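Single-letter residue listing:
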Amino acid sequence: MTEGVWQALLVTLQLAGVTTLILLIIGLPLAWWLSGMTSRIRPVLEALVGLPMVLPPTVLGFYLLVAFSPNNPLGQFWLKLTGSSLAFSFHGLVVASVIYSLPFVVQPLQRAFEQINRGLLEAAATLGAGPIDRFVSVVLPQTFRPLLLAASLGFAHTVGEFGVVLMIGGNIPGKTQVLSIALYDAVETQNLASAHLISGGLIGFALVLLTGLYALDYGPNRRDGR
Amino acid sequence: MLTIDLHLQRPDFRLEVREQFGLAGITAIMGPSGCGKTTLLRCIAGLEKVPNSVIRFRDQIWQEGGEFLPPEQRRVGYIFQDGRLFPHLSVLGNLQYGLQRQRRWSNGKRALGEPELDEPALDEPALDEIVDWLGIEPLLQRSVTSLSGGQRQRVAIGRALLMAPQLLLMDEPLAALDWAAKISIMPRLRELNKRFDIPVLVVSHDRGEMARLADELLLMDEGSIVERGSVRRLLSRIDGSQADDCALSVLEGTVVRSAGFGMTELAVDKQQLFIDRSALEVGKNIRVVISATEVSIALDPVERTSIQNRIQTTLDDIRDIDGHHSLLQLRLEEQKLLALITRRACHQLGLMPGMLVYAHFKASSLEDKVML
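Just so it is clear, the structure is predicted and the values come from calculations on it, not from any experiment.

A. Region of the structure containing the overall build of chain A. In terms of helices and strands, chain A carries 11 helices and 0 strands. Along chain A, helices (α) and strands (β) appear in the sequence α-α-α-α-α-α-α-α-α-α-α when read from the amino end. Referenced to the eigenvectors of the C-alpha coordinate spread, the extents of chain A come out at roughly 65 × 45 × 30 Å. In chain A, which comprises 226 residues, the share counted as buried stands at 43%. Across chain A, contacts joining residues at least 24 apart in sequence account for 74% of those joining residues at least 6 apart. Of the roughly 11500 Å² of accessible surface on chain A, a fraction of 70% belongs to carbon and sulfur atoms. For chain A, the separation between the mean place of its 11 positive charges and that of its 10 negative charges on side chains is 10 Å.

Here's what the structure looks like:
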């Protein structure tokens, strides 16, 4: 049975890793765009990004399940593209996790970007730096910690998800069975040893990660001026 | 040549500038806060985009019709009031920022998001020269957060110069500095224009600073340019907007000889003028800024007085300033000098335009003498 736990751990780590990577790729420009936005639709967009924070995960899972169905455009498109269904697949889980964890990455990044002195970007522009150059050479170096925080939160939140996975991922060991589902299974089948292993492990992981983050945020070599 | 045709109309703000700048020397744009001078500067740099405007620099079109050259391609150095140094970089890192991008530009590779630089060592002479000139060598490895206001502004000037700008824009470069820092930076700003042969446009609200710095002066009010001319002419005019109880005048003279006791004799319109500064090269041109309140009037030549400067002038015009004071415009030969005296004194002396009067002012009241 512990072999199942290791399998679930592997799936979980893969899922969280891929999700975090995609979230950074989407989240960085999205957060930057939102942070500089003055349009009146900004609150609407922020609400959309933040929605997964307040909705029961099962609601999200339900709609994703509907969207993944081959009767719907998204499901159809995916089926045509890959020949397999999105629902009950690892890819489907990645899509769901990206949406589910999006606010945890975008929000800290957006807060950090809002703190950036836009005047510095103007200075960089007059010194010959184009828009991407300005972002890489002025914004990113000043938001290194928030970036790490955002990535860690995205990762940890994906590891901790349950409801969405349950709705759309099914419970296929080695494919879509993640730790939280494996734990549920273990308890259902009275396998308390596995349940303890998973639960204890997850608590340990979360504790180490959060301690690391807080240490980073309040460490002695915290940069001046912030 | 810089050609500007800007029209901006907002409910609370208007900018209407149609002007050509010859761009020889230092051009100052002066005016009360909110008159649009900073916006004008930002438009020239490309930091602000006003539709339906035209900005041309030499043979380059910076804005016209649908064309808009972004700031990073204009090669305009911009000195901000607050320095705007990058806090995550050292002083050296800040200095190199524009230099590196400039080099990539001249290598024909546009900087597009690759922060890693593949070029060899820095252009050491240029960097060294500017670091040396600004006297910031000891600061190079320091964090910019630990610098004083004057040091920050020097680094900002160096950073802008190192990107080899075709035009240098300065927005209140001295406003955030204390007096000592101003005194140390001002000659450098003047020298910069000559030494690096870069035209300078500087925005300020402080006429004392501009009297010392600028050659040409543009006075702005409520979004348009109301007066334009040489600093000497515009500031020393009695009927201009600058004629008030803070009026000052600018005299230009040539060093004649050392007068001993640490003094130097100048010739200003063939008359003697003494300044309390020594070791000046004979034949050099010097600009002297004299506050109108420092000048007193005598009808007869007074010989036995401590006041060093007694210049014979013709009284051109008298203007009441605030009910208590009169502003006098005095003409030497060609240059003009303003004196602020009380109306009572004006009455007692029976001053009338056309009279011959002696303008007295102490050599030590000339707190600032700028080399030209």
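B. A look at helix α5 (residues 90–115) of chain A. Its 26 residues give α5(A) an end-to-end C-alpha distance of 37 Å, which sits within 8% of 38 Å, the value for a rise of 1.5 Å per residue. At S101(A), α5(A) shows its maximal bend, which comes to roughly 50°, and the proline P103(A) appears one to four places after that position.

C. Broad picture of the sheet that holds strand β18 (residues 325–331) of chain B. Residues and elements named next belong to chain B. Reading across from one edge, β16-β20-β17-β18-β19 is the order of the 5 strands in this open sheet, with antiparallel pairing throughout. The strands lining the two open edges of the sheet, one partner per strand, are β16 (296–298) and β19 (336–342). Strand-to-strand, the axes of this sheet are offset by a mean angle of 45°, without reference to chain direction. With 6 bridges joining them, strand β17 (residues 309–320) and strand β20 (residues 356–361) adopt antiparallel strand pairing. Note that in β20 the partner of R310 across the bridge is H360.

D. Fine view of the nonpolar core. Residue and element names in this part refer to chain B. L95, L161 and L192 are the most contacted members of the largest nonpolar core, which has 50 residues in total. Top contributing element to this core by residue count: helix α4 (residues 149–162), with 6 residues. Those residues in contact with L192, other than ones at most four positions away along the chain, are W133, I157, L161, L168, D197 and V200.

E. Region of interest: the environment of R18(B). Residues and elements named next belong to chain B. With respect to the secondary-structure elements, R18 resides in strand β2 (residues 13–21). For R18, a relative accessible area of 62% gives the class exposed. Taking the C-alpha atoms as reference points, R18 and D269, separated by 251 residues in sequence, lie 35 Å from one another. In this structure, R18 is in contact with I4 and D5, ignoring residues within four places of it in sequence. Of the polar contacts made by the side chain of R18, one reaches the side chain of D5; its length is 3.3 Å.

F. Quick look at the pattern of salt bridges. Here the structure, examined in full by the defined rule, presents 20 salt bridges over all chains. Between R84(B) and E122(A) there is a salt bridge; the shortest N-O distance is 2.9 Å. Of the two residues, R84(B) is situated in the loop between β7 (76–79) and α2 (91–106) and E122(A) in helix α6 (residues 118–126); the pairing between them involves two chains. Members of the salt-bridge network, linked through shared partners, are E122(A), R42(B), E48(B), D82(B) and R84(B).

G. Molecular detail of the packing of aromatic side chains. Scanning the model with the defined rule gives 9 aromatic pairs over all chains in all. Ring centres of F155(A) and F205(A) lie 6.1 Å apart, and the angle between their planes is 55°; this geometry places the pair in the tilted category. Highlighted residues: F155(A) in helix α8 (residues 144–159) and F205(A) in helix α11 (residues 192–218), separated in sequence by 50 residues. Each ring, one from F86(B) and one from Y97(B), has its centre 4.6 Å from the other, and the planes form 50°; the classification is tilted. Note that F86(B) is positioned in the loop between β7 and α2 and Y97(B) in helix α2, a separation of 11 residues in sequence.

H. Representation of the confidence of the model for chain B. Summing up the model confidence of chain B, the mean pLDDT is 83 and the portion of residues at 70 or higher is 91%. Counting contacts from residues 109–124 of chain B, a segment whose pLDDT is below 50, to residues more than four positions away or on other chains yields 27 contacts.

I. Structural detail: unusual backbone geometry. All names here are of chain B. A positive phi angle, close to 60°, is found at N52, a residue other than glycine. Locating N52 in the fold gives a position in the loop between α1 (37–45) and β4 (54–57). Overall, the relative accessible area of 71% leaves N52 in the exposed class. If you check the backbone angles, A164 has positive phi at about 50° while not being a glycine. For A164, the location among the structural elements is in the loop between α4 and β8 (167–171).

J. Structural view of the sheet that holds strand β6 (residues 67–68) of chain B. Residue and element names in this part refer to chain B. Ordered by their spatial adjacency, 5 strands build an open sheet running β2-β1-β4-β5-β6, and the pairing between neighbours is antiparallel. Two strands lie at the open edges of the sheet, namely β2 and β6, each paired on one side alone. Alignment of strand β1 (residues 2–10) against β4, held across 4 bridges, turns out to be antiparallel. If you follow D5 over to β4, its bridge partner there is V54.

K. Here's a closer look at the packing of α5(A) against α8(A). Residue and element names in this part refer to chain A. At a closest axis distance of 8 Å, the pairing of α5 and α8 adopts a crossing angle of 160°. Considering their axes alone, α5 and α8 lie roughly antiparallel with respect to each other. The element α5 and its partner α8 pack so that their crossing is right-handed. Contacts between α5 and α8 involve S97, Y100, S101, F104, V105, P108, L109 and A112 on the former and, on the latter, P146, L147, L149, A150, L153, G154, H157 and T158. Classifying every residue of the contact of α5 with α8 by side-chain character gives 11 nonpolar, 5 polar and no charged.

Rules behind the numbers
Residues numbered from 1 in each chain as written. Chains lettered and ligands numbered in written order. Predicted model: local features only at pLDDT ≥ 70, side-chain atom pairs only at ≥ 80, totals over all residues. Heavy atoms only, no water. Helix = DSSP H or I, 4+ residues; strand = E, 2+ residues; numbered from the N terminus. Buried < 20%, exposed > 50% of the residue type's maximum accessible area, 1.4 Å probe, protein only. Contact = heavy atoms within 4.5 Å. Areas by Shrake-Rupley, 256 points an atom, 1.4 Å probe, with all protein chains shown as cover. Lys, Arg positive; Asp, Glu negative; His and termini not counted. Charge placed at Lys NZ, Arg CZ, Asp CG, Glu CD. Expected span 1.5 Å × (residues − 1). Bend = angle between axes of the 7 residues up to and from the residue. Pairing = 2+ DSSP bridges. Axes fitted to C-alpha atoms, helices over the stretch in contact; angles between N-to-C directions. Core = buried A, V, L, I, M, F, W, Y, C linked by side-chain atoms within 4.5 Å. Polar contact = N/O pair within 3.5 Å; in protein donor to acceptor, adjacent residues only side chain to side chain. Salt bridge = Lys/Arg side-chain N within 4 Å of Asp/Glu carboxyl O. Phe/Tyr/Trp six-rings, centres within 6.5 Å; stacked < 30°, edge-to-face > 60°. pLDDT = per-residue confidence, 0-100. Parallel < 35°, antiparallel > 145°, perpendicular 65-115°, else oblique. Left-handed = near helix turned anticlockwise from the far one by under 90°. Nonpolar A, V, L, I, M, F, W, Y, C, P; charged D, E, K, R; others polar.

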